[in-house]
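The lines below spell out each chain.
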Amino acid sequence: MIGRIHWWTVILVGVIATIWIIPVLGIVVTSLRPPSEVALGWWRLDTVSITFSAWIRVWDEYPLAQAFWFTGMLAALATLGTMLLAPIAAYAFHFLKFPFRRLLLILIINAFVLPQQVVVIPLFTLWRDLKLIDNIAAVLIPYIGLSFAWSIFLVKNFLEDFPKELIEAAKIDGCGPISTLRHVVLPNATSPIFAVGVLQFLWTWNALLLPMLYLRSMQPLPVLLTKVAGTYESNWDLRSVAAIVTTIVPLIVFVVFQRQFAAGSQTRTGAKE
């Protein structure tokens, strides 16, 4: 029967969901129990005490609210920049003809194999000479630039199946390249653009290496999370609180935009098959 779900599928999904949720449950429980009980194992039920001291201590001793705001602003700017530039570049590489088009595309796509650590020292030297150390641009520019390889590749793959009849019809109606992009391509390419946005937001929100190296006074949540750990004690309760605050926003973003993320291969056009 079409659409019927087999019993083994439900069991398999249930087992995977249980395995996935156990660490999340452990983090939540650890943030609400005293360190003395956590040291014996967060799953122990011999004595159960609920306390919000870890939450209060983290908010009092660390600039969590400031880091939360700065991380959101940084992730939003990087995401908007990528969502704006990636479809424009993919449209140019796919529909326009200009010198060295294929060579430029190959160079950009080959950035897939370039580890982020390779550009750390050259970028640090460049930002130091330009006096951009401890400037938001020092991380915002690499966030957008390093995402071009996969974001352009993703949107261009979507445009491979884009109806060329719509492009030809736009040319007949007198639309130039910019008008065609604005009125024809972009309205029908929202799915891959949203998919790029979700991936870029998750990557930027959780990024640690570049902010740790290039920022001093402004610190996003992943960098602050590394400072919550004590030098001589683990501070698992404080780490759990910081981890919950750090992961709650990416989880909400993915849940809200999961339909657009999953619909990356669909096209909404007026063409008839």
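Above this note sits the structure.
These remarks concern the structure in this document. Since the structure is predicted, the reported quantities are computational estimates derived from the model, not experimental observations.

### A word on the overall build of the protein chain
When you go through the protein chain residue by residue, the secondary structure sums to 15 helices and 0 strands. Taken over C-alpha atoms, the radius of gyration comes to 23 Å for the protein chain, far larger than the 19 Å a tight globule of 273 residues would show. Overall, the protein chain is about 75 × 65 × 30 Å in size when its C-alpha atoms are taken along their principal axes. Counting over 273 residues, the protein chain shows a buried share of 36%. In the protein chain, the share of contacts with a sequence separation of at least 24, taken over all contacts with a separation of at least 6, comes to 73%. Just so you have it, the protein chain exposes about 16900 Å², and 69% of that area is on carbon and sulfur atoms. The averaged location of the 14 negative side-chain charges in the protein chain is 7 Å from the averaged location of its 19 positive side-chain charges.

### Side note on the packing of helix α4 (residues 64-95) against helix α7 (residues 137-146)
In the contact formed by α4 and α7, the axes pass within 9 Å of each other and the chain directions differ by 35°. Crossing of α4 against α7: the hand is right-handed. The segment α4 lies against α7, with Leu74, Leu77, Ala78, Gly81, Thr82 and Leu85 engaging Val139, Leu140, Tyr143 and Ile144. Split into classes, the residues belonging to the contact of α4 with α7 amount to 8 nonpolar, 2 polar and no charged.

### Some points on the environment of Asp173
Mapping Asp173 onto the fold places it in the loop between α9 (164-172) and α10 (177-185). Residue Asp173 is classed as exposed on the basis of its relative accessible area of 64%.

### Some thoughts on helix α14 (residues 236-256)
Its 21 residues place the ends of α14 30 Å apart at the C-alpha level, agreeing with the 30 Å of an ideal helix rising 1.5 Å per residue. The largest bend along α14 reaches roughly 30° and is located at Thr247, with the proline Pro250 sitting one to four residues downstream. Taken as a whole, α14 has its buried residues at Asp237, Leu238, Ser240, Val241, Ala242, Ala243, Ile244, Val245, Thr246, Val249, Pro250 and Val253. Buried residues along α14 sit in contact with α1 (7-32), α2 (35-40), α3 (53-61), α4, α11 (190-205) and α13 (221-228).

### A word on the side chain of Ser240
Checked against the element boundaries, Ser240 lands in helix α14. Once you skip the residues sitting within four places of it in the chain, Ser240 turns out to touch Ile27, Thr30 and Ser31.

### Re a nonpolar patch on the surface
Where nonpolar side chains cluster on the molecular surface, the patch consists of Trp20, Ile21, Ile22, Val24, Val28, Phe68, Ile248, Leu251, Ile252, Val255 and Val256 and spans about 960 Å² of accessible area. Breaking the nonpolar patch down by element, the ones donating at least two residues are α1 and α14. Tracing the sequence through the fold places Phe68 in helix α4.

### Quick notes on the pattern of salt bridges
Under the defined criterion, the tally for this structure stands at 4 salt bridges. The residue Asp129 makes a salt bridge to Arg128 at a minimum N-O spacing of 3.9 Å. On the accessibility criterion, Asp129 (54% relative accessible area) is exposed.

### Here we look at the environment of Val249
Along the chain, Val249 falls in helix α14. Through-space distance from the C-alpha of Val249 to that of Ser234 is 25 Å; in sequence the pair is 15 residues apart. Filtering out sequence-adjacent residues up to four positions away, Val249 remains in contact with Phe68, Phe201 and Trp205.

### Side note on the packing of helix α8 (residues 148-159) against α11
The contact between α8 and α11 brings their axes to 9 Å, and the two run at 160°. The orientation of α8 with respect to α11, classified from their angle, is roughly antiparallel. Handedness of the α8/α11 crossing: right-handed. For the pair α8 and α11, the contacting residues are Trp150, Ser151, Leu154, Val155 and Phe158 in the first and Pro192, Val196, Leu199 and Gln200 in the second.

### Brief notes about the packing of aromatic side chains
Considering all chains together, one arrives at 7 aromatic pairs under this definition. Pairing Tyr91 with Phe95 gives two aromatic rings, centres 5.5 Å apart and planes at 45°, and the pair type is tilted. Here Tyr91 pairs with Phe95, and both are found in helix α4, just 4 residues apart, close to one helical turn. On the accessibility criterion, Tyr91 (5% relative accessible area) is buried. A ring pair is formed by Tyr143 and Trp203, whose centres lie 5.4 Å apart and whose planes are at 70°; its orientation type is edge-to-face. Of this pair, Tyr143 sits in helix α7 while Trp203 sits in helix α11; the two residues are 60 residues apart in sequence, bridging distant segments of the chain. Tyr143 sits in the buried class, given a relative accessible area of 1%. Relative accessible area serves as the criterion here: at 30%, Trp203 is assigned to the partly exposed category. By way of ring pairs, the aromatic residues Phe68, Phe201 and Trp205 are connected into one cluster.

Reading the values: the criteria
Residues numbered from 1 in each chain as written. Predicted model: local features only at pLDDT ≥ 70, side-chain atom pairs only at ≥ 80, totals over all residues. Heavy atoms only, no water. Helix = DSSP H or I, 4+ residues; strand = E, 2+ residues; numbered from the N terminus. Rg over C-alpha atoms; globule rule 2.2 N^0.38 Å. Buried < 20%, exposed > 50% of the residue type's maximum accessible area, 1.4 Å probe, protein only. Contact = heavy atoms within 4.5 Å. Areas by Shrake-Rupley, 256 points an atom, 1.4 Å probe, with all protein chains shown as cover. Lys, Arg positive; Asp, Glu negative; His and termini not counted. Charge placed at Lys NZ, Arg CZ, Asp CG, Glu CD. Axes fitted to C-alpha atoms, helices over the stretch in contact; angles between N-to-C directions. Left-handed = near helix turned anticlockwise from the far one by under 90°. Nonpolar A, V, L, I, M, F, W, Y, C, P; charged D, E, K, R; others polar. Expected span 1.5 Å × (residues − 1). Bend = angle between axes of the 7 residues up to and from the residue. Patch = residues over 30% accessible without salt bridge, like charges linked within 9 Å, V, L, I, M, F, W, Y side chains within 5 Å. Salt bridge = Lys/Arg side-chain N within 4 Å of Asp/Glu carboxyl O. Parallel < 35°, antiparallel > 145°, perpendicular 65-115°, else oblique. Phe/Tyr/Trp six-rings, centres within 6.5 Å; stacked < 30°, edge-to-face > 60°.

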